[in-house]
Amino acid sequence: SPGGAGSHPVHGLEAGSAREAHVSTAEATTLARALATEEALRREAVSAALQGADAQLAQAHARVAEDAETAIGEVRSAAVRAIRQCEAKNARQEAQLRALGDTTRRLTHSLQQALDDARAAE
């Protein structure tokens, strides 16, 4: 063979195919690494987003709990005020009833005395 083994057309094709195969394997490896890196970064981003969402959710729960506690406190205070007002009104009404009872007893006693006096005068 005049040009040597490397110049033979079949051997040249095989060498070219081997180089192309090597390049495509290297590209595939690089691509696989890039995809793996992208996947890892995506997982980290999702994880960070979830942690952020969890933190926001925890803050929202804390605000809701605080708001509920405040509202319950306000309702409790309003109920205590209403109960005290009712108790004060009840005490006033009981005093009025006692006064009316006393007046009724005095009037009954006076009427009875007037009747007795009228009978005695007959």
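Above this text you will find the structure in question.
About the cut-offs
Counting from 1, residues in each chain are numbered in the order their sequence is written. Residue-level local features of this predicted model are given only where pLDDT is at least 70; pairs of side-chain atoms are given and counted only at 80 or more, and the full residue set underlies all totals for whole chains, interfaces and linings. With hydrogens and water stripped out, all remaining heavy atoms of the structure feed into the side-chain values. By definition, any uninterrupted DSSP run of H or I lasting at least four residues is a helix, any uninterrupted run of E lasting at least two residues is a strand, and each is numbered from the N terminus. Exposure is judged per residue with a 1.4 Å probe applied to protein chains only, and the accessible area is read against the type maximum: over 50% gives exposed, under 20% gives buried, and values in between give partly exposed. Per-residue accessibility takes into account occlusion by the displayed protein chains alone, with areas from the Shrake-Rupley method and a 1.4 Å probe. Salt bridges are counted wherever a side-chain nitrogen of Lys or Arg sits within 4 Å of a carboxyl oxygen of Asp or Glu.

1. A short note on the overall build of the protein chain
Looking only at helices and strands, the protein chain has one helix and zero strands in total. The 122 residues of the protein chain split such that 1% are buried. Summed over all atoms, the accessible surface of the protein chain reaches about 10,600 Å², with 60% contributed by carbon and sulfur.

2. Examining the pattern of salt bridges
Applying the stated criterion to the full structure yields four salt bridges. Between Arg 42 and Glu 39 there is a salt bridge, with its nearest N and O atoms 2.8 Å apart. Of this pair, Arg 42 and Glu 39 are both found in helix H1 (residues 9–121), three residues apart, which corresponds to roughly one turn of the helix. Under the relative-accessibility criterion, Arg 42 is labelled partly exposed at 45%.

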